[in-house]
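# Summary of the model geometry
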Amino acid sequence: MKVSRSLRKLGDQIGDLTESRESHVLRTVGWVSAGLTALALGVIVGREIRQRYKFNRRTPYDFYAHSGDQIQDVDFGVGI
């Protein structure tokens, strides 16, 4: 009887230890997932805000073709 009780207690302790490790791993995976989600949302929202900022501050020259090119072509003009 005493041996079976001690084995049962030992089994319960091992089960508790395994459950705590599993919950720790699951908690870590959850936090990493939440962090990556927040990072992705931040990048998407930041990109959208930057695009709207750039769109609202256009100049008349931005409407011409090739206005943002760094290397100008030979026949480069302003739409004449």
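The shown structure was predicted, so the numbers you read here are calculated from the model rather than taken from an experiment. The written sequence of each chain sets the order in which its residues are numbered from 1. Thresholds applied to this predicted model are a pLDDT of at least 70 for local features of residues and 80 or more for the giving and counting of side-chain atom pairs; totals over whole chains, interfaces and linings are not thresholded and use all residues. To get the side-chain values, take all heavy atoms of the structure and skip hydrogens and water.

Helix and strand counts for the protein come out as one helix and zero strands. Here the protein, with 80 residues, has 0% of them falling under the buried criterion. Here the open area of atoms and residues is found with the Shrake-Rupley method and a 1.4 Å probe, where only the protein chains shown may cover a residue. Entry remark: accessible area of the protein is about 7,900 Å², with carbon and sulfur atoms responsible for 62%. Here a strand is any run of E in DSSP of at least two residues, a helix any run of H or I of at least four, and the numbering for each starts at the N terminus. Relative accessible area decides the class of each residue, using a 1.4 Å probe on protein chains only: under 20% of the type maximum gives buried, over 50% gives exposed, and in between gives partly exposed.

For this analysis, a salt bridge means a side-chain nitrogen from Lys or Arg found within 4 Å of a carboxyl oxygen belonging to Asp or Glu. Scanning all chains against the criterion turns up one salt bridge. In this structure, R52 and E48 form a salt bridge, with 3.1 Å as the shortest nitrogen-oxygen distance. Note that R52 and E48 are positioned in helix α1 (residues 2-56) at a spacing of four residues, about one turn of the helix. The class of E48 is partly exposed, set by a relative accessible area of 35%.

So, about a nonpolar patch on the surface. The patch calculation keeps residues exceeding 30% relative accessible area without a salt bridge and links them within 9 Å when they carry like charges or within 5 Å when they are nonpolar (Val, Leu, Ile, Met, Phe, Trp, Tyr). There is a patch of nonpolar side chains on the surface, built from V32, L36, L39 and V43 and spanning about 390 Å² of accessible area. Locating V43 in the fold gives a position in helix α1.

It is worth stressing that arrangement in space is one thing and function is another; only the former is reported here.
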